[in-house]
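Descriptive structure summary
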Amino acid sequence: MSTHFRKQELNDFFYSWGATVADINHDGVADVISGPFYYLGPDYTQRREYTAARSYSPSNNFPEGIVYFGHDFTGDGWDDILVVDSRPVFLYVNPKGEPRRWDRFNVVPTATSEIEVFRDIDGDGKPEVLFAGPNAVMAYAKPDPANPTAPWKTHTISEPGLAGPHGMGVGDINGDGRMDVVNSRGWWEQPPNGAAEGPWKFHASPFGTGGAEMGVYDVNGDGLNDVVTAVAAHGWGLAWFEQKRDAQGNISFVRHDIMGDPTEKSAGGVVFSEPHGVAFADMDGDGVPDMIVGKRLYSHLESHLDPDPYGPAVLYWYKTVRNPKADGGAEFVPELINNRSGVGSQFIVTDLNADGAPDVVIRSVKGTFIFWNQMRPPARTRR
């Protein structure tokens, strides 16, 4: 395990494939939500059950919980929990400290993807949920503030047939200040009149076959946002796609591989399969986002359908290094965080203890873990 991280194991049972954080008990301290439990900060040794708890066998059972988000969706000042539960999306409403199981509402019954993204897409200051829906369309949903537990309003972004179960992201591709949407087939440009107007203009560009959450940021420092992604959620590969523009301002992308299969050259000689969960954060305080990614062990149970089914359940962070001598002007340098945690479908990287260093909260077949970031951002010199 890396000396840059300290591991805290919250439990070693398989309850879900996702985790998030929110202030559940309204004490001003972030709590960890993982599977049917929330763990009370700041020490995360006490847990409470907000829905019926069931553990699963990684070899034989698919869990119900895939993706988790925490936010005050009802506007009552108490953080709620949004769970993608075997595709449909459910809202669990915080009972404001009452010691009971929470009321559940099916707010997005049409979600079909294995990954969702929680970002402010329309610029209203509140995050929306991006997902793939019926007929393979990309869409996002948001609650009606007057009735947040009713089915949420869905806005369709794409034409049918362009969305899939794996891989999607949100970011400003064209630099117009509006959030665009990207998946493995290309990207959708948010209209000038706003996100609710659809379908959005589609720009075809292959970004692999569909991985996890996709990063949109300026990798090489040239002022243009690039795309960083797992190439295949149930295969091999990580890559970044360098944005290029011609004299007319037309956007294209050049692929730079970070990790391939065992027969190919990979950064640091690191190779692992099934990069189903990815997150992005500035881990070392240098001002540039980095990629955190790992292996989702037993993705399709103990079926041998996936490559390297018994490979170590690794978790890595890849430092984004801007290097003019590297291909595309940047390289990704891997460092092992842990080889017995892996990832699920989704996890979160956030500064749990307010020390300026993002921490990693993982939920996988191996259990629930916090990897406390021991790196501190360098002190800024006052001028």
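Since the model is a prediction, treat every value here as computed from it, not as a measurement.

What follows deals with the overall build of the protein. Within the protein, the regular secondary structure consists of zero helices and 28 strands. Relative to the compact-globule value of 21 Å for 383 residues, the protein shows a C-alpha radius of gyration of 20 Å, a close match. Across its three principal axes, the protein shows a C-alpha extent of roughly 60 × 60 × 50 Å. Counting the 383 residues in the protein, one finds 56% classified as buried. Look at the contacts in the protein between residues 6 or more apart in sequence, and 49% of them connect residues 24 or more apart. Accessible surface for the protein amounts to roughly 15,800 Å². Of this, 48% is attributable to carbon and sulfur atoms. Considering the protein, the positive charge centre built from 33 side chains and the negative charge centre built from 51 side chains are found 2 Å apart.

For the rest of this paragraph, the subject is the packing of aromatic side chains. Across all of its chains, the model carries 21 aromatic pairs by this definition. Ring geometry for Tyr38 against Trp102: centres 6.0 Å apart, planes inclined by 45 degrees, an arrangement best described as tilted. With Tyr38 in strand β4 (residues 37-40) and Trp102 in the loop between β8 (89-93) and β9 (103-108), the pair connects residues that are 64 residues apart, well separated along the chain. Assigned by exposure class, Tyr38 and Trp102 land together as buried.

Bringing the sheet that holds β4 into the picture now. Within a sheet, neighbouring strands are paired by backbone hydrogen bonds and run either parallel or antiparallel to one another. Strand order in the open sheet formed by four strands is β2-β3-β4-β5, with antiparallel pairing between adjacent strands. Taken across any chain shown, the strands that pair with only one partner, and hence form the sheet edges, are β2 (19-22) and β5 (46-49). Pairs of neighbouring strands in the sheet enclose a mean axial angle of 25 degrees, with direction left out of account. One ladder, built from four bridges, connects β4 with β5; its direction is antiparallel. In the strand pairing of β5, Tyr39 is matched with Arg47.

On to unusual backbone geometry. In the segment running from Gly41 into Pro42, the intervening peptide bond is cis, with an omega of 10 degrees. Despite not being glycine, Lys96 shows a phi value in the positive range, around 60 degrees. As for its placement among the helices and strands, Lys96 is situated in the loop between β8 and β9. Lys96 gets classed as partly exposed once you look at its relative accessible area, which sits at 47%. The residue Ala136 is not glycine, and still its phi comes out positive at about 55 degrees. Inspection of the secondary structure assignment puts Ala136 in the loop between β11 (128-133) and β12 (137-142).

Turning our attention to the sheet that holds β11. Reading across the sheet, the four strands line up as β10-β11-β12-β13 and stay open at both edges, with antiparallel pairing between neighbours. Two strands lie at the open edges of the sheet, namely β10 (117-119) and β13 (153-156), each paired on one side alone. Looking at each pair of strands side by side, their axes are set apart by 30 degrees on average, direction ignored. Inspection of the sheet shows β11 paired to β12 by five bridges, in the antiparallel sense.

Counting through the fold element by element, Asp359 comes out in strand β27 (residues 359-364). For Asp359, a relative accessible area of 0% corresponds to the buried category. Not counting the four nearest positions on each side in its chain, Asp359 is found in contact with Ile348, Val349, Thr350, Asp351, Leu352, Asn353, Phe371, Trp372 and Asn373.

Mapped onto the elements, Glu116 comes out in the loop between β9 and β10. A C-alpha to C-alpha distance of 26 Å links Glu116 and Gly287, two positions 171 residues apart in sequence. Leaving out residues up to four positions away in the same chain, Glu116 has contacts with Val67, Phe69, Val84, Ala111, Val129, Leu130, Phe131 and Met168. Side chain to side chain, Glu116 and Ser113 meet in a polar contact 2.8 Å long.

Let us now look at the environment of Phe13. Relative to the helices and strands, Phe13 resides in the loop between β1 (5-11) and β2. A residue is classified by how much of its surface remains accessible, and Phe13, at 46% relative accessible area, is partly exposed. When the C-alpha positions of Phe13 and Trp372 are compared, they lie 20 Å apart, and in sequence the two are 359 residues distant. Leaving out residues up to four positions away in the same chain, Phe13 has contacts with Ser55, Arg363, Ser364 and Gly367.

We now examine the pattern of salt bridges. A full pass over the atoms with the stated rule returns 15 salt bridges. Arg104 is the partner of Asp85 in a salt bridge, and the nearest nitrogen-oxygen pair spans 3.3 Å. Of this pair, Asp85 sits in strand β7 (residues 80-85) while Arg104 sits in strand β9, and the two are 19 residues apart along the sequence. The class of Asp85 is buried, set by a relative accessible area of 9%. A residue is classified by how much of its surface remains accessible, and Arg104, at 44% relative accessible area, is partly exposed. Between Asp284 and Lys319 there is a salt bridge, with its nearest N and O atoms 2.2 Å apart.

What counts, and where the lines are drawn
- Residues numbered from 1 in each chain as written.
- Predicted model: local features only at pLDDT ≥ 70, side-chain atom pairs only at ≥ 80, totals over all residues.
- Heavy atoms only, no water.
- Helix = DSSP H or I, 4+ residues; strand = E, 2+ residues; numbered from the N terminus.
- Rg over C-alpha atoms; globule rule 2.2 N^0.38 Å.
- Buried < 20%, exposed > 50% of the residue type's maximum accessible area, 1.4 Å probe, protein only.
- Contact = heavy atoms within 4.5 Å.
- Areas by Shrake-Rupley, 256 points an atom, 1.4 Å probe, with all protein chains shown as cover.
- Lys, Arg positive; Asp, Glu negative; His and termini not counted.
- Charge placed at Lys NZ, Arg CZ, Asp CG, Glu CD.
- Phe/Tyr/Trp six-rings, centres within 6.5 Å; stacked < 30°, edge-to-face > 60°.
- Pairing = 2+ DSSP bridges.
- Axes fitted to C-alpha atoms, helices over the stretch in contact; angles between N-to-C directions.
- Polar contact = N/O pair within 3.5 Å; in protein donor to acceptor, adjacent residues only side chain to side chain.
- Salt bridge = Lys/Arg side-chain N within 4 Å of Asp/Glu carboxyl O.

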